[in-house]
Amino acid sequence: MIVCVCRRISDREIARHARAGLGFDEIQFELGVATQCGQCEGCARDVVAQCSGTCPTANIKLATNPLEGSPWNPPSPSLQLSPAA
Ligand code: FES
């Protein structure tokens, strides 16, 4: 769907940039969205917000500490600390 009629920018293009980690201002600078009449700004911001906070891959962090684990990489039982004796 075209979000910005003035610049012919689609929601998919905005979402792709948001998933790459760009914020609205960076996307606006990069694509020119909402830089003419401004009518699309709210919708464009909504697309960025949806993709920045809730995209399943946006917030995946790899565990740097093997004892820490993650939902996708639980800690190995052999690596868990036992209570001090
Ligand atoms: S519709 Fe996006 S600037 Fe006009």
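Up top is the structure.
The structure contained in this document is the topic of the report that follows. (Residues numbered from 1 in each chain as written. Predicted model: local features only at pLDDT ≥ 70, side-chain atom pairs only at ≥ 80, totals over all residues.)

What to know about the overall build of the protein
Within the protein, the secondary structure is distributed over three helices and two strands. Reading the secondary structure of the protein in the N-to-C direction produces β-β-α-α-α. The proportion of buried residues among the 85 residues of the protein is 18%. Here the analysis covers contacts within the protein between residues at least 6 apart in sequence; of these, 42% occur between residues at least 24 apart. (Helix = DSSP H or I, 4+ residues; strand = E, 2+ residues; numbered from the N terminus. Buried ≥ 20, exposed ≤ 12 C-beta atoms within 10 Å, placed from the backbone. Contact = placed C-beta atoms within 7 Å.)

Quick notes on helix α1 (residues 11-19)
Of all the positions in α1, only Ile14, His17 and Ala18 are classed as buried. Projection of α1 onto a plane perpendicular to its axis shows the buried side chains occupying an angular sector of 100°, all on one side. Looking one or two places after α1, you find Gly21, whose phi comes out positive at around 105°. (Arc of directions from axis to C-beta.)

Topic: the environment of Gly38
Checked against the element boundaries, Gly38 lands in the loop between α2 (24-31) and α3 (41-54). In this structure Gly38 comes out as exposed when scored by C-beta crowding, with 12 C-beta atoms within 10 Å. Between the C-alpha atoms of Gly38 and Cys6, which are 32 residues apart in sequence, the distance is 8.9 Å.

Some details on the nonpolar core
The tendency in soluble globular proteins is for nonpolar side chains to be buried as a group. With 13 residues, the main nonpolar core has Val3, Cys4, Ile14, Val33 and Ala44 as its most contacted residues. Broken down by secondary-structure element, the contributors of at least two residues to this core are β1 (2-4), α1, α2 and α3. Take this core: its biggest share by element is three residues, from α3. Residues contacting Ala44, with those up to four places away along its chain left out, are Val3, Cys4, Ile14, Phe24, Val33 and Ala34. (Core = buried A, V, L, I, M, F, W, Y, C linked by C-beta atoms within 7 Å.)

Concerning α2
All buried positions along α2 are accounted for by Ile27, Gln28 and Leu31. With its buried residues spanning 100° around the axis, α2 presents them on a single face. α2 presents Asp25 and Phe29 as exposed residues on the side facing more than 90 degrees away from its buried surface. Phi for Gly32, located one or two positions after α2, is positive at around 85°.

In short, the description is geometric, and any link to function would need to be established separately.
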